[in-house]
Amino acid sequence: MSYAITGLALLAAVTLVNALLTFAVIKRWRATMAAPAPAAPASAAPAPGPPALAVHEGDHTPAFTLHTSRGEVSESTLAGHPALICFLRPDCGPTRESLPEIQRWAEANTPSGAHLVAVISGQPPEAGPLLEAVGPLTELTTTEPPDGPIAGAFGVRHHPTFVLLDADGTITETGIGQGSLPALNLLTA
């Protein structure tokens with residue numbers, strides 16, 4: 001009788017471990033499927049290391065114009081206050097996962113005059129749910145085609161991408177990917 005109980009306990013333990021491993025594999029697969037598709041290989045091999053932007057910490061904000069519900073907004077419109085520019089894509093899992101961090105940053109900083117700017121890659125119909133998600137956080141939202149002029153000015157090739165500006169328009173921090181911008185975790189600009 002004790003062999004039967006021991007055998008059943010062992011079978012239950014193996015079944016539990018199998019179920020946990022299965023759930024871990026499914027979670028990893030879903031994360032992989034939600035990640036953006038890799039870019040087509042270029043003729044020359046890319047430099048090793050993390051993806052890069054055309055702008056760097058210490059650079060001045062490149063010239064750009066957003067067409068928002070509030071009217072035209074440019075880099076000079078943002079002057080005088082810190083700003084967080086978020087480049088987002090509607091079909092991007094890490095973009096969706098970044099929304100709570102963006103919301104916390106907005107709640108902590110916009111009352112003191114900081115600006116939150118959301119540049120959504122895609123046409124308005126497909127960007128609708130993402131526009132609804134960031135709409136309560138800022139009126140400074142715009143959509144543009146993939147590789148549009150604003151993303152091009154900053155050199156954005158991956159989503160989400162974040163650029164934090166100080167009141168003088170100097171880039172103080174950049175980040176590519178969910179969780180990549182410490183300012184989102186620290187809450188203050």
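Not measured: the values here are computed from a predicted model.

A. View of the overall build of the protein. For the protein, the helix and strand inventory stands at six helices and seven strands. Reading the protein from its N terminus to its C terminus gives the helix and strand order α-β-β-α-β-α-β-α-β-α-β-β-α. Buried residues in the protein amount to 37% of all 189 residues. Accessible area of the protein: about 11000 Å², with a carbon and sulfur share of 62%.

B. Expanded view of the pattern of salt bridges. Within this structure, the stated rule accounts for one salt bridge. The salt bridge involving R89 is made with D91; its shortest N-O contact spans 2.5 Å. Residue D91 is classed as exposed on the basis of its relative accessible area, which comes to 52%.

C. Spatial organisation of the sheet that holds strand β5 (residues 141–144). Taken in spatial order, the five strands line up as β5-β4-β3-β6-β7 in an open sheet, and their pairing is mixed. With one partner strand each, in any of the chains shown, β5 and β7 (171–176) form the two edges of the open sheet. Geometrically, the sheet is characterised by an average inter-axis angle of 15° between neighbouring strands, direction not taken into account. As paired elements, strand β6 (residues 161–165) and β7 share five bridges and run antiparallel to each other. Residue pairing for β7: V163 is matched across the bridge by T174. Strands β3 (83–88), β4 (115–121) and β6 of the sheet are contacted by helix α3 (residues 93–109), whose axis makes an angle of about 165° with β3. Here helix α4 (residues 124–134) sits on the sheet and contacts β3, β4 and β5; the angle it forms with β4, its principal contact strand, is near 155°.

D. Inspection of helix α1 (residues 2–34) at higher detail. The end-to-end C-alpha separation of α1 is 48 Å, in line with the 48 Å expected for 33 residues at 1.5 Å each. With zero of its 33 residues buried, α1 lies for the most part at the surface.

E. Geometry of the nonpolar core. Counting residues in hydrophobic clusters, the biggest one holds 19 residues, and the most contacted among them are L78, I85, F87, F154 and V163. Every element with two or more residues in this core is listed here: β3, β4, α5 (149–154) and β6. Leave out the neighbours within four places in its chain, and L78 touches F64, V73, A83, H115, V117, L140 and L165. In this structure, C86, A114, I120 and L164 belong to the second largest nonpolar core, which totals 17 residues.

About the cut-offs
Residues numbered from 1 in each chain as written. Predicted model: local features only at pLDDT ≥ 70, side-chain atom pairs only at ≥ 80, totals over all residues. Heavy atoms only, no water. Helix = DSSP H or I, 4+ residues; strand = E, 2+ residues; numbered from the N terminus. Buried < 20%, exposed > 50% of the residue type's maximum accessible area, 1.4 Å probe, protein only. Areas by Shrake-Rupley, 256 points an atom, 1.4 Å probe, with all protein chains shown as cover. Salt bridge = Lys/Arg side-chain N within 4 Å of Asp/Glu carboxyl O. Pairing = 2+ DSSP bridges. Axes fitted to C-alpha atoms, helices over the stretch in contact; angles between N-to-C directions. Contact = heavy atoms within 4.5 Å. Expected span 1.5 Å × (residues − 1). Core = buried A, V, L, I, M, F, W, Y, C linked by side-chain atoms within 4.5 Å.

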